[in-house]
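Residues per chain, in single letters:
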Amino acid sequence: MTQGRGEHSLSRSISSLQYFTLAFGCVVGVAWMIILGDIVSKAGPGGAALALAIGGAGVLLVAFCYAEVAGVRPHAGGELVYAYELGGSGASFAIGWTLTLLYVATCAFEAISIGAVTNMLFPGVTGPLLYTLFGQEVRLGAVVIGLVFALLLWLLNVRGAKMSARTQEWTTYLRLLLMAGFLGVAVFYAHPANLKPLFTFGHSSLAATQFFGVLATAPFWYGGFTVFATASEETATSMRMVGRAIVFSIVAAGLFYIALILSIGALTPWHNLAAMKLPAAEAFTAAMGTPIVAKIVLATALLGNLTAWNALLLAGSRVLFAMGRAGLSAGAFARVHPRFRTPSFAVAFVSVISIAVLFLGRGFITPLVNVSSACFSLTYLVTCLTLIRLRRVEPGTERPYRAPGGAGMAWIASLVSLAILAVTLVQPWLAAGDRIPPEWITLGGWAGLGLVFWFAATRARRRIAEPARRAILTGSAET
């Protein structure tokens, strides 16, 4: 029987344009506002643009693999379904748990960031100091702002993917219009001399390490496109159109990032960007002597914050839903709201943990970025290897979207993913000196917690035989 109308099925309501806006809105969120100064100060404007261009090209190869695999396996959970193809229940749980960390970390990044952006729009709104953590102040207003938006997005995602995707669609269109506007202003006020020197990585071994550190963050800058895989069960259009929309979102994001880095770097001497809290906005004030355009940039970033957060929450909840439905984790995660047909318990789980991490403040942003990049890289690798396997064992299966280059391209994408994963794990250790990197502590702690969840779900796993679990995950059973 065909999956899709059972007790644990989701509604089909997301169009191809909405998949583009989900992906683009998640890829180009608020990171360009929060950590632009950091990556430019490490590699220079040319180095940062080059790192993101190289990273974007690598991620584009991975996106081709995602588009084809999602067409063959269009089911909630995305990569954990693909992992089952490679290594059964254990591999599927491991990747599902990795994805859960990924989406919790990125949702927390958005929750923390929204306070900083809002404070620039409305100075003083972050309120009194609560405490200092990881060298950064944590203020009451910032926590309250993050909490309020977390609760609003929680409610929005419980009410349904259709409403969530529609909100995402129109917000993204508005953002694209605003982005074109402020980049045009930046070009008009730009002074190319401010970009010198374009590169820093040739000046010392430390600078070279920092360049690779920027390159290691590429999965974080582009990784949001993968949300389409976890929501592919809810498509209301052909997977061929979805695949094209996802590839286009990566290309559009890459062009935006390169234009942003070079145009903002040319507004003011780029060495000054490192001292600015939100350089993409403050550079306009420094160059023009007025905050008007800076306010537009901040408004764009705020919209980006919300679109990315919304897409990430949707994706994270679908991963947990798929794990619960297949008996890989607690059955409560498979609970579907009786009216809205959404995984309400899974939405609540991601929201609550993200809110808890919110209290760590801005000092934890860099570890969140690095942890997210490592998780993205691992899931990239799994997806590319899945494509290689499906091409071998199911050569006759209909493929709505076919990746250019076939298995050869998939092998290259696999090697790229493996190389980026290695950099994301080694670079924090090089930067930490004699200390254990917080990224390693976070990954180790999450792995330990995953073992607890794995053994706690033993009884639930045993209730579903492996052939039935495979049928559930791959969509060939009524659920």
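Worth saying up front: this structure is predicted, and the values here are computed from it rather than measured.

Participant: What's the story with the overall build of the protein chain in this structure? I'm lost.
Facilitator: Scanning the protein chain from N- to C-terminus turns up 18 helices and two strands. Residues classed as buried in the protein chain amount to 60% of the 479 residues present. Sequence separation of at least 24 residues holds for 83% of the intrachain contacts in the protein chain that already meet a minimum separation of 6.

Participant: Is there a simple way to explain the pairing of strand 2 (residues 136-139) in this structure?
Facilitator: Two faces make up the sheet, and in a regular strand the side chains alternate between them. As paired elements, strand 1 (residues 129-133) and strand 2 share four bridges and run antiparallel to each other. Of the residues in strand 2, the one forming a bridge with Leu129 is Arg139. Where strand 1 folds back onto strand 2 in an antiparallel hairpin, the turn is made up of two residues, including Phe134, whose phi is positive at roughly 55 degrees.

Participant: Help me understand the environment of Phe455 in this model?
Facilitator: Note on placement: Phe455 falls in helix 16 (residues 438-456). Residue classification places Phe455 among the exposed residues on the basis of a relative accessible area of 58%. Taking the C-alpha atoms as reference, Phe455 lies 9.2 Å from Ser329; in sequence the two are 126 residues apart.

Participant: Could you clarify how one ought to interpret the packing of aromatic side chains in this entry?
Facilitator: Aromatic rings in a pair are described by how distant their centres are and how their planes are angled relative to each other. Per the stated rule, a full pass over the model turns up 17 aromatic pairs. Cluster of aromatic residues (ring-pair linked, three or more members): Phe93, Trp97, Phe333, Phe345, Phe349, Trp446, Phe453 and Trp454. Here the guanidinium or amino end of Arg461 rests over the ring plane of Trp454, the centre of that ring lying 3.5 Å away.

Participant: I keep staring at the side chain of Glu439 and nothing clicks. Help me out?
Facilitator: Mapped onto the secondary structure, Glu439 falls in helix 16. An unpaired buried charge is present at Glu439: no salt bridge exists, and Arg435, the closest side chain of opposite charge, is 7.5 Å distant. Engagement of the side chain of Glu439 in a polar contact is seen with the side chain of Asn370, the distance being 2.6 Å. Apart from the residues lying within four places of it in its own chain, the contact partners of Glu439 are Thr366, Pro367, Asn370, Val371 and Pro428.

Participant: Which parts of the structure should I look at to understand the packing of helix 14 (residues 365-393) against helix 16?
Facilitator: To describe two helices that pack against each other, one gives the angle between their axes and the distance between the axes. Relative orientation of the contacting elements helix 14 and helix 16 amounts to 55 degrees, with a least axis distance of 9 Å. In terms of orientation, helix 14 lies oblique with respect to helix 16. Between helix 14 and helix 16 lies a crossing whose hand is right-handed. Only Pro438, Glu439, Thr442 and Leu443 of helix 16 make contact with helix 14, whose side of the interface consists of Thr366, Pro367, Asn370, Val371 and Cys375. Among the residues forming the contact of helix 14 with helix 16, the class breakdown is five nonpolar, three polar and one charged.

Participant: What is the right way to read the nonpolar core from this model?
Facilitator: Soluble, globular proteins show a tendency: their nonpolar side chains are buried together. By size, the foremost hydrophobic cluster in this structure holds 138 residues, and its most contacted members are Trp32, Met33, Phe182, Phe225 and Tyr257. Considering each element in turn, this core owes the most residues, 23 residues, to helix 4 (residues 79-121). Beyond its immediate sequence surroundings of up to four residues, Phe182 is in contact with Trp32, Phe256, Leu260, Phe284, Val293, Val297 and Thr300.

Participant: Please explain the side chain of Ser329 as it appears in this structure.
Facilitator: In this fold, Ser329 is placed in the loop between helix 12 (292-325) and helix 13 (344-358). For Ser329, a relative accessible area of 1% corresponds to the buried category. Once you skip the residues sitting within four places of it in the chain, Ser329 turns out to touch Met323, Gly324, Phe453, Ala457 and Ala460.

Participant: Quick question: what am I supposed to make of helix 13 here?
Facilitator: Residues spaced three or four apart along an α-helix point in a common direction, a consequence of the helix completing one turn every 3.6 residues. Here helix 13 is 15 residues long and its end C-alpha atoms lie 21 Å apart, about the 21 Å a rise of 1.5 Å per residue gives. Counting buried positions over the 15 residues of helix 13 gives eleven, a clear majority of the element. Every buried residue of helix 13 is accounted for by Ser344, Ala346, Val347, Ala348, Phe349, Val350, Ser351, Ser354, Ile355, Val357 and Leu358. Buried-residue contacts for helix 13 involve helix 4, helix 5 (140-159), helix 12, helix 14 and helix 16.

Participant: Sorry, what's going on with the pattern of salt bridges here?
Facilitator: Note on pairing: side chains with opposite charge can pair once their charged atoms come close. Overall, the coordinates contain seven salt bridges when judged by the stated rule. One salt bridge connects Arg391 with Glu68, and the closest N-O pair in it is separated by 2.7 Å. Residue Arg391 is located in helix 14, and its partner Glu68 is located in helix 3 (residues 36-72); the two are separated by 323 residues in the primary sequence. Look at Glu68 and you get buried, because its relative accessible area is 0%. With a shortest N-O distance of 3.0 Å, Arg139 and Glu137 are connected by a salt bridge. In this structure, a network of salt bridges that share partners links the residues Glu68, Arg391 and Arg399.

Conventions we followed
- Going along each chain's sequence as written, the residues are numbered from 1 onward.
- A pLDDT threshold of at least 70 governs which residues receive local features in this predicted model, and a stricter bar of 80 or more applies before side-chain atom pairs are shown or counted, although totals over entire chains, interfaces and linings include all residues.
- Side-chain calculation: all heavy atoms of the structure are included, whereas hydrogens and water are not.
- Secondary structure counts use DSSP, requiring at least four H or I residues in a row for a helix and at least two E residues in a row for a strand, with both numbered from the N terminus.
- Per-residue accessibility, obtained with a 1.4 Å probe over protein chains only, is compared with the maximum for each type, and a residue is labelled buried under 20%, exposed over 50%, and partly exposed between these values.
- Contacts are assigned to residue pairs with any non-hydrogen atoms lying within 4.5 Å of each other.
- In this analysis, strands are considered paired if DSSP registers two or more bridges between them.
- Centre distance within 6.5 Å is the pairing criterion for rings of Phe, Tyr and Trp, where only the six-membered ring of Trp is used; planes under 30 degrees apart are then read as stacked, over 60 as edge-to-face, and the remainder as tilted.
- By definition here, charges over rings are those cases where NZ of Lys or CZ of Arg is within 6 Å of the ring centre and within 35 degrees of the ring normal.
- Charge counting follows a simple rule: Lys and Arg are positive, Asp and Glu are negative, and His as well as the terminal groups are ignored.
- Each reported salt bridge corresponds to a side-chain nitrogen of Lys or Arg within 4 Å of a carboxyl oxygen of Asp or Glu.
- Pairs of N or O atoms are called polar contacts if they sit within 3.5 Å, as long as, within protein, a hydrogen donor faces a hydrogen acceptor (for residues adjacent in sequence, only side-chain-to-side-chain pairs).
- Each axis is a line fitted through C-alpha atoms, and for a helix only the stretch in contact is used; angles between axes span 0 to 180 degrees, taken between their N-to-C directions.
- Each angle gets one of four labels, with under 35 degrees taken as roughly parallel, over 145 as roughly antiparallel, 65 to 115 as roughly perpendicular, and the rest as oblique.
- By definition, any crossing whose near helix is turned counterclockwise from its far helix by less than a right angle is left-handed, and any crossing with a clockwise turn is right-handed.
- Three classes are used: nonpolar for Ala, Val, Leu, Ile, Met, Phe, Trp, Tyr, Cys and Pro, charged for Asp, Glu, Lys and Arg, and polar for all others, with Gly counted as polar.
- Only buried Ala, Val, Leu, Ile, Met, Phe, Trp, Tyr and Cys residues count toward a nonpolar core, and they belong to the same one when joined by side-chain atoms within 4.5 Å.
- By definition here, a helix of n residues has an expected span of 1.5 Å times n minus one.

Nothing here speaks to function; it is all geometry.
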